[in-house]
Amino acid sequence: MAMAKPKKKRRWLRRLITWLVLLTVAAGAFALFVLPTWQAEATTTYVKYTASRGTISNALSFSGSVSVVNNETLTAGAAATVRTVYVAEGDQVESGDKLMRLSSGETLEAGFDGTVNELSVEEGDEVAAGASMIQIVDFAHMKVTMRVDEYQISQVSEGQACRITVTALGETFDSEITHINRISASQGSTAYYTVTCEMDVTEDVLPGMAVTVTIPQEEAVDVVVLSKDALSFDVDNSAYVLQQTAEGVMEKVPVEIGVDNDNYVEITAGLSEGDEVYAEETTSASASTGLSSLMSLFGGGSMPGGSAPSGMQNSRQNRDFGGNFGGGSFGGGFGGGFGGGMP
């Protein structure tokens, strides 16, 4: 029994030495692989942009839907028998055309130019007073309704030119704002107002189709244009760009800006067409590489999801732009009757 205690002490001592060795190795690995990446400073890179000449525009953009302007359903004035039906479904009629004659002597006539959309009776049918007989719809002249919130309604006015694009068809029609309902149609925290515009359409445009309505705001033609990503701003909100000197040093160059959208901006002073400028980008070193190395040292493989290279520099291509610069999230510039501006 007396020999058992020295053996236990030796086993305990071996375990202690093993743990001390493991802790020493772990500490060395942490200092070698992980700590340098955690202490690494951010890396600054520069992305090059080139000023070009073109047309830039912006516009408001709203979603809406198509509905009919003229729609009537004719009914029987009294109980009667349908004597004569002069039209069929799909026929084109003009205002004043006879549609059908009843035994009561009543003759139903079209109230406007349109299409026989639905015929509910046939010759010889008995009908009651007020029964629906025939529906006439003007599918050539439609209206679009859209909701405009309280922050943008001040920029919309009756008579304002707009362009309507039917989403499903890709067809575009010129129009103008015909009515603004100034009573809010919403009950939430933001007020919305119903705005209407009318248009003459092709036969494949149907009620209920979704549309995008764009209203032009500003346009600058044949001007110096630059990507907005190349711009920086001082504390007083004055714009500047970075240009490289002959010595390779980046210096701030003040610029003045004009028309802009979400992607591009007009440069009214400070740059010429073809000038190259730079935007500063800062990337932080990642500790994942060091952690992965530490895991692999202990047989744990790579970090879950892979590892990202430490200190990777941004590899975006240089930005060179030319041509027309419409849109951004404001729906783009206009072509045709609005002077262009779409890319």
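Quantities reported herein were computed from a predicted structural model and do not represent experimental measurements.

About the thresholds
Residues numbered from 1 in each chain as written. Predicted model: local features only at pLDDT ≥ 70, side-chain atom pairs only at ≥ 80, totals over all residues. Heavy atoms only, no water. Salt bridge = Lys/Arg side-chain N within 4 Å of Asp/Glu carboxyl O. Helix = DSSP H or I, 4+ residues; strand = E, 2+ residues; numbered from the N terminus. 1 Å grid on protein atoms, 1.4 Å probe; cavity = no way out; pocket = protein on both sides within 12 Å on 5 of 7 lines; lining within 4 Å. Points joined across faces, edges and corners; volume = space filled by probe spheres on them. Nonpolar A, V, L, I, M, F, W, Y, C, P; charged D, E, K, R; others polar. Contact = heavy atoms within 4.5 Å. Pairing = 2+ DSSP bridges. pLDDT = per-residue confidence, 0-100. Buried < 20%, exposed > 50% of the residue type's maximum accessible area, 1.4 Å probe, protein only. Polar contact = N/O pair within 3.5 Å; in protein donor to acceptor, adjacent residues only side chain to side chain.

### Some details on the pattern of salt bridges
Where charged atoms from two side chains of opposite charge come close, those side chains can pair.
Next up, step 1: Here the structure, examined in full by the defined rule, presents seven salt bridges.
Next up, step 2: For Glu273, the salt bridge is made with Arg53, and the minimal N-O distance between the two is 3.2 Å. Of this pair, Glu273 sits in the loop between β20 (264-269) and β21 (276-283) while Arg53 sits in strand β2 (residues 52-68), placing them 220 residues apart in sequence.
Next up, step 3: Across the salt bridge formed by Asp174 and Arg163, the nearest N and O atoms sit 3.0 Å from each other.

### Some thoughts on the layout of surface pockets
Next up, step 1: For the largest pocket, the calculated volume is near 180 Å³.
Next up, step 2: Gln92, Asp113, Gly114, Thr115, Asp138, Phe139, Ala140, Val201, Thr202, Glu203, Val205 and Leu206 are the residues that line the largest pocket.
Next up, step 3: The class makeup of the residues in the lining of the largest pocket is five nonpolar, four polar and three charged.

### What about the environment of Thr212?
Next up, step 1: Positionally, Thr212 belongs in strand β15 (residues 210-227).
Next up, step 2: Along the backbone, Thr212 and Thr172 are 40 residues apart, and their C-alpha atoms lie at a distance of 9.3 Å.
Next up, step 3: Not counting chain neighbours up to four residues away, the residues in contact with Thr212 comprise Ser61, Phe62, Arg163, Ile164, Thr165 and Thr167.

### Concerning the sheet that holds strand β8 (residues 114-119)
Next up, step 1: Taken together, four strands build an open sheet; the order of strands is β3-β10-β8-β5 and the sheet is antiparallel. Because the sheet does not close on itself, it has two edges, and the strands there are β3 (71-75) and β5 (92-93).
Next up, step 2: As judged from the two bridges shared by β5 and β8, these two strands associate in the antiparallel manner. Bridge assignment links Gln92 to a residue of β8, and that residue is Thr115.

### Some points on the confidence of the model for the protein
Next up, step 1: Chain-level statistics for the protein give a pLDDT mean of 82 and a share of 76% at 70 or above.
Next up, step 2: At the low end of the mean pLDDT range in the protein sits strand β22 (residues 319-320), at 42; at the high end sits strand β10 (residues 132-137), at 98.
Next up, step 3: Every residue in residues 300-322 scores below 50 in pLDDT, and together they form 46 contacts with partners more than four places removed in sequence or on other chains.
Next up, step 4: Considering only residues more than four positions removed or in separate chains, one finds that residues 328-343, a stretch of pLDDT under 50, has 58 contacts.

### A closer look at the side chain of Arg163
Next up, step 1: Relative to the helices and strands, Arg163 resides in strand β12 (residues 161-166).
Next up, step 2: Overall, the relative accessible area of 17% leaves Arg163 in the buried class.
Next up, step 3: For Arg163, the side chain forms a polar contact with the side chain of Asp174, separated by 3.0 Å.

### Digging into the sheet that holds strand β4 (residues 80-85)
Next up, step 1: Across the sheet, four strands lie side by side as β7-β6-β4-β9; this open sheet has antiparallel pairing. Looking at which strands have only one partner, the edges of the open sheet turn out to be β7 (107-109) and β9 (126-127).
Next up, step 2: Alignment of strand β6 (residues 98-102) against β7, held across three bridges, turns out to be antiparallel. Within the sheet, the bridge partner assigned to Met100 lies in β7 and is Leu108.

### What about the pairing of β15?
Walk down a regular strand and you will see the side chains alternate between the two sheet faces.
Next up, step 1: Sheet topology places β2 next to β15; 13 bridges connect them, and they run antiparallel. Within the sheet, the bridge partner assigned to Ser63 lies in β15 and is Thr212.
Next up, step 2: In terms of strand pairing, β12 meets β15 through four bridges, oriented antiparallel. Its bridge partner being in β15, Thr165 is matched across the sheet by Thr212.
Next up, step 3: Where β15 meets β20, three bridges bridge the pair, whose relative direction is antiparallel.

### Thoughts on the side chain of Gln135
Next up, step 1: Topologically, Gln135 is positioned in strand β10.
Next up, step 2: On the basis of relative accessibility, which here comes to 15%, the residue Gln135 falls in the buried class.
Next up, step 3: One polar contact links Gln135 to Asn117, side chain to side chain, over a distance of 2.7 Å.
Next up, step 4: In contact with Gln135, not counting residues within four places along its chain, are Asn71, Glu72, Thr73, Thr115, Val116, Asn117 and Glu118.

### Points about unusual backbone geometry
Next up, step 1: For Asp222, which is not glycine, the phi torsion reads 55 degrees and is therefore positive.
Next up, step 2: Along the chain, Asp222 falls in strand β15.
Next up, step 3: At Asn237, a residue that is not glycine, the phi angle is positive and equals roughly 70 degrees.
Next up, step 4: Relative to the helices and strands, Asn237 is located in the loop between β16 (232-233) and β17 (239-244).

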